[in-house]
Amino acid sequence: TAAAEMMDGEVDGFYRAFPKVELHAHLNSSISSVTMGKLIAKKPDLGIEQTRTMINKGQKRTLEECFEMFKIIHQITDRTEDIYMVTKDVIKEFAADGVKYLELRSTPREEKTGFIGMTKRAYVETILEAIKQCKQDNVDIDVRFLLSIDRRSGSTVAKETVKLAEEFFLSSDGIVVGLDLSGDPTVGHGKDFIGSLQEARNAGLKLALHLSEIPSQHEETTLILMNLPPARIGHGTFIHPDLGGSQELVDLVKLHQIPLELCMTSNVKGQTVPSYDKHHFGSWYSLGHPCILCTDGKGVFATDLSQEYQLAASVFNLSPSQMWDISYQAIDYIFASDDIKSKLRRRWNNLRPVLYHL
Ligand SMILES: CNc1ncnc2c1ncn2[C@@H]1O[C@H](COP(=O)(O)O)[C@@H](O)[C@H]1O
Ligand SMILES: [Zn+2]
């Protein structure tokens, strides 16, 4: 762990050149310090300091404090022009980090501030517009979008979000591919969202759900896994029987082969995992279960995907070839079409001999 701690923040470039897939990135958690600087400069009246929007090297916060940070960030991104800039910057930064396929997720937000304000529909349209612009600018990355349901907002809002997601699923040229359930895990109960999530899935949207991020969610996770099986699980930190979960849950996840989106830096900095070497990546990877390395929020958690790859490799002693397999297998679990998967696999296969002689 000491080695991992020391290495935190320094990437030697090896994993930057790796082609990567990012599947768990919250837009407002992914704002870099450069972009945050631009936003803060535009809104000096808010008096917000950068130190309140990210957890730097060696620092930690409680999960509760993390959710306070999201509120502060939301104050700074309360106009469509902010969302547009943030989305474009985030996409370009992921591309510069070697991410070839990115699924961004974000909670449609209504704001009454400013001259015109922002509707949830305008919020989503703005993100889609920015994604389109990046494509036109030939940024070397394929980007898709998931609408997030914030569990704090309750079942009525969840239903509205599903409606909006279904609408954009049909009208966005394949950019909107799914739905995320996230938000403060201490608030609300999954049972209130099952109906909406089932409807979404029946409409063709793929589900990526935050499950068992804290120990007290055993009943909720069981209910969701029995009634839905989502296509992917976010974190799943406490699914294991040693950590407040159960063998029954592990068996369900294994039975349905549901991949886990694992975010090591986020979990350690948010203190749901005590240290890098104790991260549940270790146990699931040893089971041969599909594990996808993700950032969660490269801004808030001051990381990037290359760093997460390097971290996993050094903490769990994985060879470049094992890391390559992790990256390659992530393609299986993207929400875009089989055609896109084939294209990505071809790219990976072409890059492999050129880059690493693996
Ligand atoms: C750290 N673990 C986490 N657990 C659960 N939900 C999280 C999260 N990190 C972020 N979010 C969710 O993402 C929102 C910020 O991005 P967007 O405004 O949607 O782009 C947060 O408000 C929360 O709902
Ligand atoms: Zn998350």
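Residues numbered from 1 in each chain as written. Chains lettered and ligands numbered in written order. Predicted model: local features only at pLDDT ≥ 70, side-chain atom pairs only at ≥ 80, totals over all residues. Heavy atoms only, no water.

### A short note on empty space enclosed by the protein
Selection criterion: Each cavity reported here is a set of points on a 1 Å grid over the protein atoms alone in which a 1.4 Å probe fits but cannot get out, each pocket an open set with protein on both sides within 12 Å along at least five of seven lines, and each lining residue one with an atom within 4 Å of a point. Grid points are joined across faces, edges and corners, and a volume is the space filled by probe spheres set on the points. Helix and strand assignments come from DSSP, with helices taken as H or I runs of at least 4 residues and strands as E runs of at least 2, each series counted from the N terminus. Here the nonpolar group is Ala, Val, Leu, Ile, Met, Phe, Trp, Tyr, Cys and Pro; Asp, Glu, Lys and Arg are the charged ones; every other residue, Gly included, is treated as polar.
Enumeration over the complete set of coordinates arrives at two cavities of 30 Å³ or more. Taken as a whole, the largest cavity spans an internal volume of roughly 370 Å³. Looking at the largest cavity, it is lined by 28 residues, and the ones nearest its centre are His-26, Ser-29, Phe-67, Phe-70 and Gly-183. The set of elements that each furnish at least two residues to the lining of the largest cavity consists of helix 4 (63–76), strand 2 (99–106) and helix 11 (264–269). For the lining of the largest cavity, the residue count by class is seven nonpolar, 15 polar and six charged. There is about 40 Å³ of room inside the second largest cavity. Lining the second largest cavity we find Arg-151, Leu-181, Ser-182, Gly-183, Pro-185, His-210, Leu-211, Glu-213 and Gln-217.

### Some details on the packing of aromatic side chains
What counts is decided by this rule: Ring pairs shown here join Phe, Tyr and Trp side chains whose ring centres sit within 6.5 Å, with only the six-membered ring taken for Trp; geometry is labelled stacked below 30 degrees between planes, edge-to-face above 60, and tilted in between. Partly exposed residues are those whose accessible area sits between 20% and 50% of the maximum for their type, while under 20% is buried and over 50% is exposed, using a 1.4 Å probe and protein chains only. For a lysine, the NZ atom is tested; for an arginine, the CZ atom; a charge sits over a ring if that atom is within 6 Å of the ring centre and within 35 degrees of the ring normal.
Within this structure, the stated rule accounts for nine aromatic pairs. Summarising the aromatic geometry, the rings of Tyr-15 and Tyr-309 are spaced 6.3 Å apart at their centres and angled 40° between planes, so their arrangement reads as tilted. Placement of Tyr-15 in helix 2 (residues 14–17) and of Tyr-309 in helix 13 (residues 305–315) is noted, with a sequence separation of 294 residues between them. Like Tyr-309, Tyr-15 is buried. What links up through ring pairs into an aromatic cluster is the set Phe-14, Tyr-15, Phe-18, Tyr-309 and Trp-324. Over the face of the ring belonging to Phe-335 we find Arg-232, whose NZ or CZ atom lies 3.8 Å from the ring centre. One Lys or Arg, Lys-298, reaches over the ring of Phe-94 and ends 5.5 Å from the middle of that ring.

### Digging into the pattern of salt bridges
Condition: By salt bridge we mean one thing: a side-chain nitrogen of Lys or Arg within 4 Å of a carboxyl oxygen of Asp or Glu.
In this structure the tally under the stated criterion is 26 salt bridges. Among the ionic pairs, Arg-105 bridges to Glu-261, the shortest N-O distance being 3.2 Å. Within this pair, whereas Arg-105 is found in strand 2, its partner Glu-261 is found in strand 7 (residues 260–262), the two being separated by 156 residues in sequence. The exposure classification of Arg-105 matches that of Glu-261, with both residues buried. The closest approach of N and O atoms between Glu-167 and Arg-121, which form a salt bridge, is 2.8 Å.

### Re the nonpolar core
Defined as follows: By convention a nonpolar core is built from buried Ala, Val, Leu, Ile, Met, Phe, Trp, Tyr and Cys residues, the set being connected through side-chain atoms within 4.5 Å. We call two residues contacting when some pair of their heavy atoms lies within 4.5 Å.
Core analysis: the largest hydrophobic core is formed by 104 residues, its most contacted members being Phe-145 and Met-323. Among the elements that make up this core, the one with the highest residue count is helix 4 (eight residues). Not counting residues up to four positions away in its chain, the partners in contact with Met-323 are Tyr-15, Phe-18, Leu-293, Tyr-309, Ala-312, Ala-313 and Leu-318.

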